[in-house]
Amino acid sequence: MRQDFKISYSRINTYLFCPYKYKLIYFDGVHVPINADITFGHIIHKTLEQFHSGKKQVYDVLFEYYDDVWKNDGFNDPHQIFEYYKRGKVMLTNYYASFINSNSKVLYVEKAFNTNIGKYKFVGIIDRIDIFDNSKHEIIDYKTHLKVWNQKMVDQDLQLSFYTYACKNVFGLNINKISIYFLSENKKIYTKRSRNEIINAMNIATKIAKDIESEKFLPDTSKCKMCSLKLKCKCSL
Ligand code: SF4
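Given the structure is predicted, the values throughout are model-derived calculations rather than measurements.

Draft legend 1. Representation of helix α5 (residues 78-100) in the model. Its 23 residues give α5 an end-to-end C-alpha distance of 33 Å, which sits within 8% of 33 Å, the value for a rise of 1.5 Å per residue. Within the span of α5, buried status applies to Y84, G88, M91 and L92. Tucked into the core, α5 has its buried residues touching α3 (36-53) and α4 (59-69).

Following this line, the structure appears as structure tokens:
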């Protein structure tokens, strides 16, 4: 086991998808091929981080950040670059309109936490935490893909359970709202997390941390068709 072993939502998600994929990425150092969706997601997250961290939160500045952070890595051709660039402009225009009409104040962007669950290091970065009504807080996770999840998917999202745990137990915040912000439709879907749901999520994280520590890396070949490493994996079907 490596000295820097730590657990995070993305690591847990990778392990849940296929334990062997976890091994390839985090033990063997295999890189996931970059694609348009990965690059685009990174660009939008970075643009919003810079926007909310900056002094002037006005429309033009938002698009200056967008142009500054734009990069062409992972796109298939100039046409695809243009299509994604246009999509981002619409996304950010709608985002800005909602932002200036919001009663909440952005408290943190890309807020990192670093804690322990049992003997394991547990880390993560929360896209945004807002404050409203003076002392209430909202956790917001951005999604940049086109498909908006249904309520059940949002309710069962493990990432939000981890973030709620971190906000309450690491930052000591009073969490009153939890949402996923689907930027492609400028739509937030709200959810809740009970104490038991958070405990269950943390138990899942601990169980997976133990399995990783024991180097249980069985391939799940039912996922190969959807796997971003299928061309690099010797177990691929
Ligand atoms: S190609 Fe299949 S076995 Fe290999 S990492 Fe991906 S899902 Fe797992």
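There is more to say, and it comes next.
Draft legend 2. Spatial organisation of the pairing of strand β2 (residues 105-117). Across 11 bridges, β2 lies against strand β3 (residues 120-132) in antiparallel orientation. When the sheet's bridge partners are listed, N116 is paired in β3 with K121. Where β2 hands over to β3, the hairpin turn is made up of 2 residues, of which G118 adopts a positive phi near 60 degrees.

Draft legend 3. Spotlight on the nonpolar core. I139, F162, Y163 and A205 are the most contacted members of the largest nonpolar core, which totals 23 residues. Elements supplying a minimum of two residues to this core: α1 (9-17), β3, β4 (136-143), α7 (158-169) and α8 (195-213). If sequence neighbours within four positions are ignored, I139 has contacts with I126, I129, L160, Y163, T164, C167, I175 and I178.

Draft legend 4. Structural detail: the site of the ligand. Residues in close proximity to the ligand total 15 residues, the closest being C18, P219, C224, C227 and C233. Residues belonging to the shell around the ligand are distributed by class as follows: 9 nonpolar, 2 polar and 4 charged.

Draft legend 5. Fine view of the pairing of β3. Here strand β1 (residues 6-8) runs beside β3; their pairing, made up of 3 bridges, is parallel. Pairing of S8 across the sheet is with V123, part of β3. Direction of pairing for β3 relative to β4: antiparallel, over a ladder of 5 bridges. Each residue of the ladder has a partner; that of F132, found in β4, is K136. Connecting the antiparallel pair β3 and β4 is a turn made up of 3 residues, with D133 showing a positive phi of about 50 degrees.

Draft legend 6. Representation of the domain arrangement of the chain in the model. Under the domain assignment, the chain is made up of domain 1 (24-101) and domain 2 (105-224). Secondary-structure elements contributing two or more residues to the side of domain 1 that touches domain 2 are α3 and α5. The element contributing the most residues to the side of domain 1 that touches domain 2 is α3, with 9 residues. Along the lines of polarity and charge, the residues of the side of domain 1 that touches domain 2 split into 5 nonpolar, 6 polar and 2 charged.

Conventions adopted
Residues numbered from 1 in each chain as written. Predicted model: local features only at pLDDT ≥ 70, side-chain atom pairs only at ≥ 80, totals over all residues. Helix = DSSP H or I, 4+ residues; strand = E, 2+ residues; numbered from the N terminus. Expected span 1.5 Å × (residues − 1). Buried ≥ 20, exposed ≤ 12 C-beta atoms within 10 Å, placed from the backbone. Contact = placed C-beta atoms within 7 Å. Pairing = 2+ DSSP bridges. Core = buried A, V, L, I, M, F, W, Y, C linked by C-beta atoms within 7 Å. Near = placed C-beta within 6 Å. Nonpolar A, V, L, I, M, F, W, Y, C, P; charged D, E, K, R; others polar. Domains from an automatic or database assignment.

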